[in-house]
Amino acid sequence: DTAVSQTPKYLVTQMGNDKSIKCEQNLGHDTMYWYKQDSKKFLKIMFSYNNKELIINETVPNRFSPKSPDKAHLNLHINSLELGDSAVYFCASSQWNGYTFGSGTRLTVV
Amino acid sequence: AQSVTQLDSHVSVSEGTPVLLRCNYSSSYSPSLFWYVQHPNKGLQLLLKYTSAATLVKGINGFEAEFKKSETSFHLTKPSAHMSDAAEYFCVVSDQTGANNLFFGTGTRLTVIP
């Protein structure tokens with residue numbers, strides 16, 4: 001019973017393509033997130049969603065768009081992929097008692 | 001604003017010797033602090049968390065951390081390193097707003113020498 005699951009685990013694609021990463025949580029948490037880990041291992045918040053409302057959008061290019069069909073899902077769409085988008089993307093969810101991360105999606109843009 | 005600074009990008013210890021990974025925090029209020037571990041090509045695992053209860057926090061795998069307000073520190077320690085402890089360690093602070101966003105340090109890579 002995976003608590004936060006992301007698909008796919010690996011994604012290799014060409015520059016200019018549009019791709020999506022899916023995330024689902026079965027914990028009943030109210031808030032979901034996307035974090036990006038760059039090639040130097042630095043992790044940074046991209047988006048937070050609480051009850052399907054976008055709470056915060058950091059300085060992320062508008063090529064990235066989170067979409068939440070319901071409280072248990074937060075998908076990440078990326079348009080016109082660039083080489084610099086190559087990274088590991090982590091989905092997470094939280095409630096008052098803690099955070100749970102997904103296992104990550106390694107995106108490689110070639 | 002809240003942030004954490006990990007003072008060492010790389011720490012190397014011999015197996016069986018103590019581990020010390022240093023972290024200083026900056027926060028305008030009483031922070032929630034965490035240590036996460038990431039093994040190579042793996043996800044993030046919570047080691048321990050401080051949320052204004054006891055200042056000495058015990059975590060998994062023999063790790064513990066002490067919250068010192070006077071020093072704004074939250075260093076991670078372990079009495080005896082094991083080969084399986086080799087990984088990347090992140091000190092993290094929560095913004096404690098409605099979004100509860102996490103702000104990560106730059107990480108410390110721990111190498112354990114046999």
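Refer to the structure presented above.
About the thresholds
- Residues numbered from 1 in each chain as written.
- Chains lettered and ligands numbered in written order.
- Predicted model: local features only at pLDDT ≥ 70, side-chain atom pairs only at ≥ 80, totals over all residues.
- Heavy atoms only, no water.
- 1 Å grid on protein atoms, 1.4 Å probe; cavity = no way out; pocket = protein on both sides within 12 Å on 5 of 7 lines; lining within 4 Å.
- Points joined across faces, edges and corners; volume = space filled by probe spheres on them.
- Nonpolar A, V, L, I, M, F, W, Y, C, P; charged D, E, K, R; others polar.
- Salt bridge = Lys/Arg side-chain N within 4 Å of Asp/Glu carboxyl O.
- Helix = DSSP H or I, 4+ residues; strand = E, 2+ residues; numbered from the N terminus.
- Buried < 20%, exposed > 50% of the residue type's maximum accessible area, 1.4 Å probe, protein only.
- Contact = heavy atoms within 4.5 Å.

Draft legend 1. Just the layout of surface pockets, in detail. A volume near 400 Å³ is recorded for the largest pocket. Gln37, Lys41 and Arg106 of chain A together with Gln38 and Asn41 of chain B are the residues nearest the centre of the largest pocket, which is lined by 25 residues in total. Among the residues forming the lining of the largest pocket, the class breakdown is 9 nonpolar, 9 polar and 7 charged.

Draft legend 2. Examining the pattern of salt bridges more closely. Residues and elements named next belong to chain A. Scanning the entire structure with this criterion turns up 6 salt bridges over all chains. Note that Glu82 is salt-bridged to Arg63, the shortest N-O span being 3.5 Å. With Glu82 in the loop between strand 8 (75-78) and strand 9 (87-95) and Arg63 in the loop between strand 6 (53-57) and strand 7 (64-67), this pair connects stretches of sequence that are 19 residues apart. By relative accessible area, Glu82 is classed as partly exposed at 42%. In this structure, Arg63 engages Asp85 in a salt bridge whose closest nitrogen and oxygen atoms are separated by 2.8 Å. Taken as a pair, Arg63 in the loop between strand 6 and strand 7 and Asp85 in the loop between strand 8 and strand 9 lie far apart in primary sequence, 22 residues in all. With relative accessibility at 13%, the residue Arg63 sits in the buried group. Looking at Asp85, the relative accessible area reads 3%, which means it is buried.

Draft legend 3. Highlighting the environment of Ser73 of chain B. Residue and element names in this part refer to chain B. You can see Ser73 is positioned in strand 9 (residues 73-78). Each C-alpha atom, one on Ser73 and one on Tyr89, is 15 Å from the other, the two residues being 16 residues apart in sequence. Apart from residues lying up to four places away in sequence, Ser73 is in contact with Cys23, Asn24, Tyr25, Glu66, Phe67 and Lys68.

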